[in-house]
Amino acid sequence: MSAPSLPAAPPQTEVPWSLWKSQVSGLLRLEVKKYLLSKRALLLYFLAFLPIFPFLIWNLRAMLVGDLPDIAQASMFYAGMFQTLMLHLVIFFACVITFTNLFRGEVLEHSLHYYFLCPVRREVLVVGKYIAGQFASWIIFLICVVISFCLVYFPYGGQGLDYFTSGPAIGHLLAYMGVTVLAFLGYGAVFLFTGLLFRNPIIPAIVIWIWEGINAFLPAMLQKISVSHYLISLCPVPLSGGPIRVIADPAPAWLSVPGLLLVTLAVLFLASLKIRHMEISYGGE
Amino acid sequence: MSDSQDIIFRNVSKFYGEVLGVNRVDLNLAPGITGLVGPNGSGKTTLMNLMTGLLQPTRGEISILGLPPDRPELLFNRVGYCTQYDSFPRGMNGFQFIYSFLRIHGLVHPQAEDMTWKALEMVGLQDAAKRKVAAYSKGMRQRIKLGQAIAHQPDVLVLDEPLNGLDPMARAEIIDLFKRLSEKGKHVIVSSHILHELDVISDQVVMLSNGYIVAEGDIHGVREEMTDVPMQILVRCDKPAMLASRIFQEDHAVEAQMHSDGQGLLLRTRDADSFFLLMNRMVTQEGLRVESVAPADDDVHSVYLYLIGNQGGSSS
Amino acid sequence: MAVFKRNYRQYDGPVTPAWSRFLILPRYAFKNVFRSRLLLVFYVLSFVPTIVFGAFIYLRHNATFLETFQVLPRDFMPVDAQFFFIYLSFQASLAFIITAFIGPGLISPDLANNALPLYLCRPFSRAEYVLGKMSVLIILISAVTWIPGLLLIFMQTNYAGLAWLTDNLRVPVAVLLASWLWIIVISLLALALSAWVKWRVIAGIGLFIIFFVLAGFGNTINVILGTQWGTLIDLASLITNIMHFLFMGEGLQGSIPVWSACLALAVLCALCLRLLNRRLQAYEVVR
């Protein structure tokens, strides 16, 4: 004998954009403060401000020794620093720390259920937490990019100022800021997803890091299967390759930017699917 | 009452890998206070987590006031859950804890603030509102969790061991709160090991053992249905010896113990209805003067002992 | 009828020797560690290079093989200090990954669950606790570094004769010392991170940050200032420098002096011990 069916849930009649907006803003109020002001954020601040020290030393050296290279070489120096130290190490690990822990951190703290017990679609939770992570990261790391960029040209005095007012510096700075934002968007989505997928997301993080690191030495075809290839393509000052580095054609901006955004959206979509079926189980942590 | 006002479990099972959580649960809970009773590991928390979508059933269907638990955006406007997890988001004070999550509900500031203070008042934590939750005592943490669960004025309140760690005064206050909510027609589903308190407040009980429901409904009704367990009846009367001798002439009597003052009798019978008929006859025909008659084992504690007590697990 | 008073009496039966009690910790930790299949597979794979290097030594001394393929022993890379330096460098990087996976989860769960008072309310000191936790890493890393290294040396001595050993006496010493240096530095660092960073994922990432981000930072300093002293914060380079000295008798070309590398690592180890000492207390800290 079959049991009578249960009452059907009321259908979703319209998309409640304004409700979602207020829920996301509620999440932002709660989360951004946590990412910016908690003890945990100290590691992010350390990472963000670490690249500033070499530039301070650069200034100190300029003051004490005075033999500054050509300003164009300074641009190359910054490009090298940005692409290796900042993009591949600092921003990458900052994304790992921030975004793998958006949900994994709540599981470790045994506090995820508070979010799941709110009348919020879990997809909205993903978006809200992701935006909060982005917002906090941008605040910290864009400041770092601006300070470090200015510090490169500071020892040049008037010449440096001219480079900003009538030279390409402002354009370069905006490009670097844009690349930083895109890096956080792309890597952030990937690590949010790995944080949902794996109990210990360190292994996928390291695998991705190694892949992104060796990418420059792989055949041009394989280079295109990485975030860093598209990010580096968007950097305003290209670097020359080393002896064993294969230089793939940089991807044009019209492909890199929408491509990265599309990948980000796709990964966020997968994360939303994953979280829809996520259960609360703190026992194994 | 229409189905959409009830909490319905239809053939629900939940397995954690090969471990059984609950199995083949069929329930239909009407508004009022429902007590979930069972030893540790019997499936009470699993049942509550299934009800609130924190777990998803391996099999079966669940409907909470006509809403499926996997639609949190609809469900948690009407459901509040005070979990057993004794953890809180870091660095928050009591007010922020309730207020922040009300903002995630989508409430605007004045409304959220007003509802936060009301909830704090209901659980008696106004004075401690600005203190860090991490510095709260166990009882205060329990109350702030409860405050958060009721802050948005839900129609269904699910409470996992809400009386744990509360002092007697606080327990009395919280129980009074449950009663008031129940009188307003809300569902209050409480799991607890404090059986005598559950006995007082519950309109119905659900007893679980090893993931199965072993009894469900009004506790007196449950006791009456347990015909295989002789019922204990306490009788205060002027001729207990005569009553004892008469009931042993019937075949349903199992045991009778005279009170030491000679004014009462505790008896165990397999057929309470026959005993009451006999007593009626003795009152009308033989002048037996009865001061009081009361069942001695139709409370939650006794039923628990009969149904679950010998299967292990601890309960106070 | 007799009534026996059942008063509390202290246990006066046999007990295990005090020195061995710290071994209880690794015994339980190994069960936990190898629950991860990924780690188990990786750990097993980390023995593959030893087999490859062993096969290399075998083939180099196998007359039939040399005759069949008409190769001369001199066509092979010589089995000398350089050979074992390469071997140990490779094994050390595998040991680092193993440590990054296991190390962060050793102390942080105890702190997160306030379990330290449970350990320390017994006749079990903080030093024994650290030693117990560290022995998990020591045992696992030893099994992929100096133990197989010495086995390879034994194998080579067996084929090449005792003369090879007397000519290369610094090799076994270098294998032992370099392995233990690596083990102590990364174990202490991993434990300190595990004690200070509650989330093991972040502690694991922290280990990578300390090794790789600081290395990048140190290299940048070297580039800007035209110096080598930036290497002082590049842990991998510091250890490689000392290892090179132990195997070859001289530090890496163009790097900082070996004594300064030793000093930097000693400071790091002292700092890690200080951090562990501050963090591991027999009471609960309310956050």
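The rules behind the values
- Residues numbered from 1 in each chain as written.
- Chains lettered and ligands numbered in written order.
- Predicted model: local features only at pLDDT ≥ 70, side-chain atom pairs only at ≥ 80, totals over all residues.
- Helix = DSSP H or I, 4+ residues; strand = E, 2+ residues; numbered from the N terminus.
- Buried ≥ 20, exposed ≤ 12 C-beta atoms within 10 Å, placed from the backbone.
- Contact = placed C-beta atoms within 7 Å.
- Pairing = 2+ DSSP bridges.
- Axes fitted to C-alpha atoms, helices over the stretch in contact; angles between N-to-C directions.
- Nonpolar A, V, L, I, M, F, W, Y, C, P; charged D, E, K, R; others polar.
- Core = buried A, V, L, I, M, F, W, Y, C linked by C-beta atoms within 7 Å.
- pLDDT = per-residue confidence, 0-100.
- Parallel < 35°, antiparallel > 145°, perpendicular 65-115°, else oblique.

**Let's talk about the overall build of chain A**
Move 1: The number of helices and strands found in chain A is 12 helices and zero strands.
Move 2: Along chain A, from the amino end to the carboxyl end, the secondary structure elements read α-α-α-α-α-α-α-α-α-α-α-α.
Move 3: Counting only C-alpha atoms, chain A reaches 90 × 40 × 40 Å along its principal axes.
Move 4: Per-residue burial over chain A gives 40% buried out of 285 residues.
Move 5: Relative to all contacts within chain A whose residues are 6 or more apart in sequence, the contacts with residues 24 or more apart total 85%.

**Let's talk about the sheet that holds strand E7 (residues 187-191) of chain B**
Backbone hydrogen bonds are what pair the strands of a sheet, in a parallel or an antiparallel way.
Residue and element names in this part refer to chain B.
Move 1: Strand order across the open sheet formed by six strands is E5-E6-E7-E3-E8-E9, with mixed pairing between neighbours. For this open sheet the edge positions go to strand E5 (79-82) and strand E9 (212-217), each flanked by a neighbour on one side alone. Taken over all neighbouring pairs, the strand axes of this sheet differ in orientation by 15 degrees on average, direction set aside.
Move 2: Across four bridges, E5 lies against strand E6 (residues 156-160) in parallel orientation.

**Some words on the interface of chain B and chain A**
Move 1: With 36 residues of chain B at the interface, the matching set in chain A holds 28 residues.
Move 2: Among the residues forming the side of chain B that touches chain A, the class breakdown is 15 nonpolar, 14 polar and seven charged.

**Re the interface of chain A and chain C**
Move 1: On the chain C side, the residues contacting the 26 residues of chain A number 18 residues.
Move 2: Among the secondary structure elements, those contributing two or more residues to the side of chain A that touches chain C are helix H2 (41-49), helix H3 (52-64), helix H4 (71-108) and helix H9 (202-214) of chain A.
Move 3: The class makeup of the residues in the side of chain A that touches chain C is 19 nonpolar, five polar and two charged.

**Thoughts on the nonpolar core**
Move 1: Core analysis: the biggest nonpolar cluster contains 224 residues, and Val90, Ile91, Phe93 and Ala94 of chain A together with Leu191 and Ile205 of chain C have the highest contact counts within it.
Move 2: Broken down by element, this core gets its largest block of residues, 21 residues, from H4 of chain A.
Move 3: Met231, Leu243, Ile247 and Leu265 of chain B belong to the second-largest nonpolar core, a separate cluster that totals nine residues.

**Description of the confidence of the model for chain C**
Move 1: Per-chain confidence: chain C averages 88 in pLDDT, with 96% of residues scoring 70 or above.
Move 2: Confidence estimates for the predicted assembly give a pTM of 0.83 and an ipTM of 0.81.

**Brief notes about the packing of helix H12 (residues 200-225) of chain C against helix H13 (residues 235-248) of chain C**
Residue and element names in this part refer to chain C.
Move 1: Remark: H12 packs on H13, axes separated minimally by 7 Å, with the N-to-C direction vectors making an angle of 95 degrees. By the angle class used here, H12 and H13 are roughly perpendicular. Here Ile210, Phe211 and Ala215 of H12 lie close against H13, whose contacting residues are Leu235, Ala236 and Ser237.

**What about the sheet that holds strand E10 (residues 231-237) of chain B?**
Residue and element names in this part refer to chain B.
Move 1: The strand order E11-E12-E10-E13 describes an open sheet built from four strands, whose pairing is antiparallel. The sheet is open, and its two edges are formed by strand E11 (253-258) and strand E13 (290-295), each paired on a single side. Each neighbouring strand pair of the sheet contributes to a mean axis angle of 20 degrees, computed without reference to strand direction.
Move 2: The sheet contacts of helix H9 (residues 240-247) involve E10, E11 and strand E12 (264-269), and relative to E11 the element is tilted by about 165 degrees.
Move 3: Its contacts with the sheet put helix H10 (residues 272-286) on E10, E12 and E13, and the angle it makes with E10 is roughly 15 degrees.

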